[in-house]
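# What the coordinates show
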Amino acid sequence: MSEFKNHVCWTSAMVNEVFVTDVGSLEREEFLATHHPLKVKQIPVGGIGSEWVTEDAVIDYFKEDVSGDQYKLVPVVGDTGSGKTHLVRRVYEGTKDVTNWHVVYLEKGNTKLSAVIKSLLEGLEPGDFVDSVREKLEGSSDVERSDAWYRTELIHRIASMVELGGKKSDSQQEKLARRRVPDVLRDPATRGQMMASGGIIDRLVKQALGEMDGNEKNFADEPEVVFTDLPNDARGAGKSAVDALSSWAGTNASRVAALEVINQARAGAIRGLFVGDVPLDDLMEKLRKELKDKNKELVIFVEEMAVLHGVELHFLEAIIKAGNKELCNLRVMLACTEDKFAGMDTLKDRFADSFCLDRSHVDEVFTEEEAFNFISRYLNAARNKEVKNYINNCGDCAFKTACHKSFGSACPDSTSGEEYGLYPFTEGAIERFVQKSTSVREGQGGKLVTPRDLIKDLKSFLFKAERYLQEGTFISAENAAVFFEDHRDHGWGADLRDAVAREYPGDGETLVRYWTPIGYPAKLQGEELIVSLEGGAGLR
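Residues numbered from 1 in each chain as written. Predicted model: local features only at pLDDT ≥ 70, side-chain atom pairs only at ≥ 80, totals over all residues. Heavy atoms only, no water.

### Focus: the packing of aromatic side chains
Keep this limit in mind: Here the aromatic set is Phe, Tyr and Trp, taking the six-membered ring for Trp, and pairing holds for ring centres within 6.5 Å; pairs whose planes are under 30 degrees apart are stacked, those over 60 apart are edge-to-face, and all others are tilted. Whether a residue is buried, partly exposed or exposed follows from its accessible area with a 1.4 Å probe, protein chains only, as a fraction of its type maximum: under 20%, in between, or over 50%, in that order. The criterion for a charge sitting over a ring is simple: Lys NZ or Arg CZ within 6 Å of the ring centre, and within 35 degrees of the ring normal.
In total, this model carries 18 aromatic pairs according to the counting rule given. Ring centres of Phe425 and Phe433 lie 5.4 Å apart, and the angle between their planes is 65 degrees; this geometry places the pair in the edge-to-face category. An identical accessibility class is assigned to Phe425 and Phe433; each is buried. A connected cluster of aromatic rings, assembled from ring pairs, spans Phe62, Tyr92, Trp101, Tyr105 and Phe301. In this structure, Arg89 packs its charged tip against the face of Phe31, placed 4.8 Å from the ring centre. Residue placement shows Arg255 over the ring face of Phe227; its charged tip is 5.0 Å from the ring centre.

Shown next, in the form of structure tokens:
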């Protein structure tokens, strides 16, 4: 048997495969292998009497009978990275095979509006109505058209809707803005600034086409037009555009009015461009009637409300038609940020209980045991040799006994009783790792470390550790300080430092400072070095 030394039992390929932030991209086996039960607060309608519940309780609530209104709309509200899409996916996995449920799952990673409609169409029998909707989708979202075409078309649509969208309730400033804004949006010099790469029009188009780079911020935060998005360079512009920019630079009231009329037109312009005149109301009514005839319920999971970018409220209002006995029951679970949830005031009285994962609602994301369990799941998945074959990869390892004795193990699933090794960490190292991730986020103005934060940091550490071990050494104290919190709890006197250097040449300071249990410092007993880590097997 080979020696348990400089051992690497994970692969970069598997780390890249499963250490992802978009759960929609994970296969079912990958998701279940890495999913860690989340802390969830159930907030009843009205907000009084909230309580902490388990994920199974969320599933049970979602499966409860639908009210006489024939719909149940359940929001999952959470901060960026808090795990709200994980909860939606977990409920989906736990209910997708319920008898007589027709399930539609809208992934966060697929934000193309036409794809959302096509997902709904899959529940309808072929016929004239379905064919006409498909034709309208193909006509409004031609894949051959370039991003430049969409940018040009969108800014023209916004300009026209601002110009023609006057309301009796408009203030004098808004009436003036409806004359000035189209001049700026149509002038080649000023229009180009908004359509440039990274500009507001470019961002709106990319989000609607599903071309954002995958960060949740891009999906969760709708690009509302703000003052910094407006042109600031009048060179080469016509007189009307120059006058408008001067007015906006001069008074706050004119700026506010201009932004108000632009943002009023924004959603309608996006909907018209990317969904065309698809009749959402008719589509949902047709789908629910057909499912009613089949004695089925319609169940929709929305990983992130931004998949409905530009049509969120229109979509929700279209699917919610209370008390029509010709329609099937409807259940919807949707994930959204606090800001998005707050912006849906007109629908608040139609929501069922909400489930909150926002970090401001918890004192901590992980207890010590939860941190061990969470990280052990990902370490076990990273050790997998074949995709979609998620087992306890420590089971047949020749080094299992020595490894688990030296580095520890965790049992994330009490039902199975499977022990996953913590290598190349120890419990002390994991504690310091989580604390470091937390302190880094606090230093960046954050609140608490999130599961997403830990996944990113764990991925980075495993790449570095793999390289060092393959080179016959281990991560240096300098590099370890990037990933682990240093409590300086070892009282590094000269005698102790010399003893560590003798016993653990090369990597001793890293091992003793970061891998020993917190609160149990290494010490000298006479001339003997006492270290809780039993020899640092595999890292020396």
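### Considering the pattern of salt bridges
The test is simple: In what follows, salt bridge is the name for a side-chain nitrogen of Lys or Arg lying within 4 Å of a carboxyl oxygen of Asp or Glu. Numbering of helices and strands starts at the N terminus; helices are DSSP runs of H or I of at least 4 residues and strands are runs of E of at least 2.
The tally for this structure, following the rule as stated, stands at 16 salt bridges. Between Arg157 and Glu153 there is a salt bridge, with its nearest N and O atoms 3.3 Å apart. Residue Arg157 and its partner Glu153 are located together in helix α7 (residues 147-164), separated by 4 residues, close to a single helical turn. Taking relative accessible area as the criterion, Glu153 reaches 26% and is therefore assigned partly exposed. For Asp233, the salt bridge is made with Arg235, and the minimal N-O distance between the two is 2.7 Å. Residue classification places Asp233 among the partly exposed positions, given a relative accessible area of 23%. In this structure, a network of salt bridges that share partners links the residues Glu55, Asp56 and Arg90.

### Observations concerning the state of the cysteines
For clarity, the threshold we go by: Disulfide: a pair of cysteine sulfur atoms within 2.5 Å of each other.
In this structure the tally under the stated criterion is 0 disulfides. Free of any disulfide, Cys336 has its nearest neighbouring cysteine sulfur in Cys356, separated by 9.7 Å.

### Things to note about the side chain of Asn263
To be explicit about the condition: Throughout this description, a polar contact denotes any pair of N or O atoms lying within 3.5 Å of each other; where both atoms belong to protein, one of them has to be capable of donating a hydrogen while the other can accept it, and for residues adjacent in sequence the pair is counted only when both atoms sit in side chains. The contact criterion used throughout is that any non-hydrogen atoms of two residues lie within 4.5 Å.
Mapped onto the secondary structure, Asn263 falls in helix α13 (residues 252-274). Here the side chain of Asn263 touches Val225 through a polar contact of 3.0 Å, landing on its backbone nitrogen. What Asn263 contacts, discounting residues up to four positions off in sequence, is Glu224 and Val225.

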